[in-house]
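Take a look at the letters that make up each chain.
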Amino acid sequence: MATILDGKALAAKIKAQVKEEAATLPRIPGLAVIIVGNNPASRVYVNSKRKDCEECGFLSEEFALPEETTEAELIALIQELNGRDDIDGILCQLPLPNGINEEAVLMAIDPNKDVDGFHPMNAGALFVGKDGFLPCTPYGVMEILDEYGIDPKGKTCVVIGRSNIVGKPMSIMLLQRHGTVTICHSRTQNLTEVCRGADILVAAVGKNHTVTKDMVKPGAVVIDVAMNRNDEGKLCGDVDFDDVKDIASAITPVPGSVGPMTRAMLMKNTLLAAKKHQA
Ligand code: GUN
């Protein structure tokens, strides 16, 4: 039976540290969260982020905009928030409604307030190994690996998924820590064989049963980034947890590991933004 990588416990520890450090700043960190339209999953995420801010003693301000909001209106709000001294971090919940160009919106966020790490300036900083804001999900995965003493150095790392939010930055972070990284995606041939070579396997696809037992090398570390629902409406990941837990050496459960860590890293990034902003 694999070690269960308890991201929930680690997230609580990190948030407690963030709260303690935030209390020493001249002004409490402020996070603006923008949500456009009525995506139910986004609503759940945004509510959680507000709770996290309360827990960490941050100011949190939510902007819930109607589905019909135009790109220009959204960008105007972001520009206003860019200029506000009490706001250190700005997060625009994705996905955005059709008709709004996501890239243009993310580009409008001041890179110094981009606590999601999605602005090309921060993505570029990661790419070339300079300091910037790291995207919260892969950042949280790296913290889980570190907490459990799992060092990617020299290991075969396979990331399934090539999104800008998770797959791509995850791959770069593992590479930076000297992993030998392969990125798989929907056109990958022989996915099973490639995955079976992994010492560290990260699944970030968003589809149940993507990773089955036959795709996992005995003793591998398996990280499940997904948050899917099964046929009964129950939360589940990309990995067949019950089968894979018997052959992996360590595994993240869904829910309760990468999700809470993503939220904790948002708080950590907001604290970092506040420290820079107030310096
Ligand atoms: N949608 C899904 N994940 C995320 C995230 O980490 N940040 C934002 N802004 N939107 C998301």
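Located above this text is the structure these notes cover.
Note that the structure is predicted; figures quoted are calculated from it, not measured. (Residues numbered from 1 in each chain as written. Predicted model: local features only at pLDDT ≥ 70, side-chain atom pairs only at ≥ 80, totals over all residues. Heavy atoms only, no water.)

(A) Structural detail: the overall build of the protein. Looking only at helices and strands, one finds ten helices and eleven strands in the protein. A globule of 279 residues ought to have a C-alpha radius of gyration of about 19 Å, and the protein, at 19 Å, matches this closely. Taking the principal axes of its C-alpha atoms as reference, the protein extends roughly 50 × 40 × 40 Å. Counting the 279 residues in the protein, one finds 48% classified as buried. For the protein, the proportion of contacts with a sequence separation of at least 24, taken over those separated by at least 6, is 70%. Carbon together with sulfur atoms contributes 52% to the accessible area of the protein, which is approximately 13,100 Å² in total. Within the protein, the 37 negative side-chain charges are centred at a point lying 4 Å from the centre of the 29 positive side-chain charges. (Helix = DSSP H or I, 4+ residues; strand = E, 2+ residues; numbered from the N terminus. Rg over C-alpha atoms; globule rule 2.2 N^0.38 Å. Buried < 20%, exposed > 50% of the residue type's maximum accessible area, 1.4 Å probe, protein only. Contact = heavy atoms within 4.5 Å. Areas by Shrake-Rupley, 256 points an atom, 1.4 Å probe, with all protein chains shown as cover. Lys, Arg positive; Asp, Glu negative; His and termini not counted. Charge placed at Lys NZ, Arg CZ, Asp CG, Glu CD.)

(B) Summary view of the site of the ligand. Lining the immediate environment of the ligand, one finds Leu 91, Cys 92, Gln 93, Leu 94, Asp 116 and Phe 118. Interatomic distance of 3.3 Å between a side-chain N/O atom of Gln 93 and a nitrogen atom of the ligand. Measuring from a nitrogen atom of the ligand, one finds a backbone N or O atom of Leu 94 at 2.9 Å. In isolation the ligand offers 280 Å² of accessible surface; the protein chains occlude 81% of this area. In the shell around the ligand, the residues fall into four nonpolar, one polar and one charged. (Near = heavy atom within 4 Å. Polar contact = N/O pair within 3.5 Å; in protein donor to acceptor, adjacent residues only side chain to side chain. Nonpolar A, V, L, I, M, F, W, Y, C, P; charged D, E, K, R; others polar.)

(C) Region of interest: the pairing of strand β7 (residues 200–203). Burial along β7 is two-sided: the face carrying Ile 200 and Val 202 and the face carrying Leu 201 and Ala 203 are both buried. Across four bridges, strand β5 (residues 156–160) lies against β7 in parallel orientation. Counted as the bridge partner of Val 158 is Leu 201 from β7. Note: β7 against strand β8 (residues 221–224), four bridges, orientation parallel. What sits directly across from Ile 200, in β8, is Val 221. (Pairing = 2+ DSSP bridges.)

(D) A look at the environment of Thr 70. Residue position: Thr 70 is located in the loop between β3 (59–65) and α3 (71–82). Residues Thr 70 and Thr 24, spaced 46 residues apart in sequence, show a C-alpha to C-alpha distance of 39 Å.

(E) Geometry of the sheet that holds strand β1 (residues 3–4). Strand order across the open sheet formed by six strands is β1-β11-β8-β7-β5-β6, with parallel pairing between neighbours. Looking at which strands have only one partner, the edges of the open sheet turn out to be β1 and β6 (180–184).

(F) The arrangement of the pairing of β8 in detail. Along β8, one buried face is formed by Val 221 and Ile 223 and the opposite face, lined by Val 222 and Asp 224, is buried too. With two bridges connecting them, β8 and strand β11 (residues 250–251) associate as parallel partners. Counterpart to Val 222 in the pairing with β11 is Ile 251.

(G) Examining the packing of helix α2 (residues 40–56) against helix α10 (residues 258–278) more closely. Where α2 contacts α10, the axes come no closer than 10 Å and their chain directions differ by 55°. Of the possible angle classes, the one that applies to α2 and α10 is oblique. You can see that α2 and α10 cross each other, and the crossing is right-handed. Taken together, the residues of α10 that come into contact with α2 (itself represented by Ser 48, Lys 49, Asp 52, Cys 53 and Cys 56) are Arg 263, Leu 266 and Met 267. Residue composition of the contact of α2 with α10, grouped by class: four nonpolar, one polar and three charged. (Axes fitted to C-alpha atoms, helices over the stretch in contact; angles between N-to-C directions. Parallel < 35°, antiparallel > 145°, perpendicular 65-115°, else oblique. Left-handed = near helix turned anticlockwise from the far one by under 90°.)

(H) Representation of the sheet that holds β3. Across the sheet, which stays open at both edges, the three strands sit in the order β3-β2-β4 with parallel pairing between neighbours. This sheet does not close on itself; its edge strands, each paired only once, are β3 and β4 (89–92). This sheet shows a mean twist of 15° between the axes of neighbouring strands, independent of strand direction. As paired strands, strand β2 (residues 30–36) and β3 are joined by seven bridges and run parallel to one another. What sits directly across from Gly 30, in β3, is Leu 59. Along the sheet, α2 makes contact with β2, β3 and β4, crossing β3 at roughly 160°.

(I) Structural view of unusual backbone geometry. Along the chain, Leu 94 connects to Pro 95 via a cis peptide bond; the corresponding omega equals 0°. For the bond running from Val 254 to Pro 255, omega is -5°, close enough to zero to count as cis. By the secondary structure assignment, Pro 255 is in the loop between β11 and α10. Non-glycine residue Asn 190 carries a positive phi angle of around 55°. Counting through the fold element by element, Asn 190 comes out in the loop between β6 and α8 (191–196). Despite not being glycine, His 209 shows a phi value in the positive range, around 60°. Here His 209 is to be found in the loop between β7 and β8. Look at His 209 and you get exposed, because its relative accessible area is 55%.

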